[in-house]
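One-letter residues, chain by chain:
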Amino acid sequence: MGSALIIVDVQNDFCEGGSLAVGGGADVAAGITRLLAAEPGRWDHVVATKDYHVDPGGHFADQPDFVDSWPRHCVVGTAGSEFHPDLDTGRVEEIFHKGEHAAAYSGFEGHAADGECLADWLRRHGVDRVDLVGIATDHCVRATALDAAREGFATTVLLDLTAGVAADTTDLALRSLAGAGVTLDGAPVIRAA
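Here the structure is a predicted model, which means the values were calculated and not measured. Every chain begins its residue count from 1, and numbering advances along the sequence as written. Owing to the predicted nature of the model, reporting of local features is limited to residues with pLDDT of at least 70; listing and counting of side-chain atom pairs is limited to 80 or more, with chain, interface and lining totals taken over all residues. Hydrogens and waters are ignored; side-chain quantities use all the structure's heavy atoms.

Chemist: Any chance you could explain helix 3 (residues 137-150) here in plain terms?
Modeler: Along an α-helix, residues three or four positions apart point the same way, because every turn accommodates 3.6 residues. Counting buried positions over the 14 residues of helix 3 gives eleven, a clear majority of the element. Buried, partly exposed and exposed residues are distinguished by accessible area as a fraction of the type maximum, computed with a 1.4 Å probe on protein chains only: under 20%, between the cut-offs, and over 50%, respectively. Runs of H or I in DSSP of at least four residues are treated as helices and runs of E of at least two as strands, each being numbered from the N terminus. Restricting attention to buried positions, one finds in helix 3 the residues Thr137, Asp138, His139, Cys140, Val141, Ala143, Thr144, Ala145, Leu146, Asp147 and Ala148. Among the structural elements, strand 1 (2-8), strand 3 (94-98), strand 4 (127-135), strand 5 (154-164) and helix 4 (167-179) are those in contact with the buried residues of helix 3. Just downstream of helix 3 lies glycine 152, where phi reads positive at about 95°. Contacts between residues were defined by any pair of non-hydrogen atoms, one from each residue, lying within 4.5 Å.

Right, dumping it as structure tokens:
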């Protein structure tokens, strides 16, 4: 069986200067690029997820609560929805878009351009182990890692290459991940945007 790196939502709107910026996002993008260059044979496959909103209903709000509603972000066709320029996507084999018409945090809710879901793609490529990196530790990385474990993949989050929104929600996420049997390696970046 094989391994895959899942790069979660390393998009302009989630990095410094974006509409929903997470402190350290740009450093995460650059760090992933360095890791892929330094260890080109570490994973058999590399895939990425994208928040990809058209009209996600109550997920967007003019006065967001930052729990269930958020400022507009990653709208299809905007620069904010694109991958951060410091992320080298040359090894990315497939991109899974999520959240067109509803809130979606997990990459396992997304689909490739041909409609295939992430779990099916990984199984079709013989993957049984996944490592996750990306943004944000306490939201989309957490949700994607939990779903990966539920789907039966041996799951590790490379926390040094994740950025969290806030210390308290990141701590809760790490406890949730550990409780689900996800391996946690390193410590997430947490800093003001």
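Chemist: Looking at this structure, how should I read helix 4?
Modeler: Each residue after the first adds 1.5 Å to the expected span of a helix. Here helix 4 contains 13 residues, and its C-alpha end-to-end distance of 18 Å stays within 8% of the 18 Å for a straight helix at 1.5 Å per residue. Considered for burial, the residues of helix 4 that qualify are Thr170, Ala173, Leu174 and Leu177. When helix 4 is viewed along its axis, its buried side chains cluster within an angular range of 100° and face the same direction. The exposed set on the far side of helix 4, more than 90 degrees from its buried face, consists of Asp168, Leu172, Arg175 and Gly179. Buried positions along helix 4 lie against helix 3, strand 5, strand 6 (183-185) and strand 7 (189-190). A positive phi of about 85° marks glycine 181, the residue just after helix 4. Working definition: the arc comes from the directions between the helix axis and the C-beta atoms, pointing outward to the latter.

Chemist: Explain the environment of glycine 18 here, please?
Modeler: With respect to the helices and strands, glycine 18 occurs in the loop between strand 1 and helix 1 (25-38). Note: C-alpha distance between glycine 18 and alanine 37 (19 residues apart in sequence) is 26 Å. Aside from chain neighbours lying at most four places away, what touches glycine 18 is Asn12 and Asp13.

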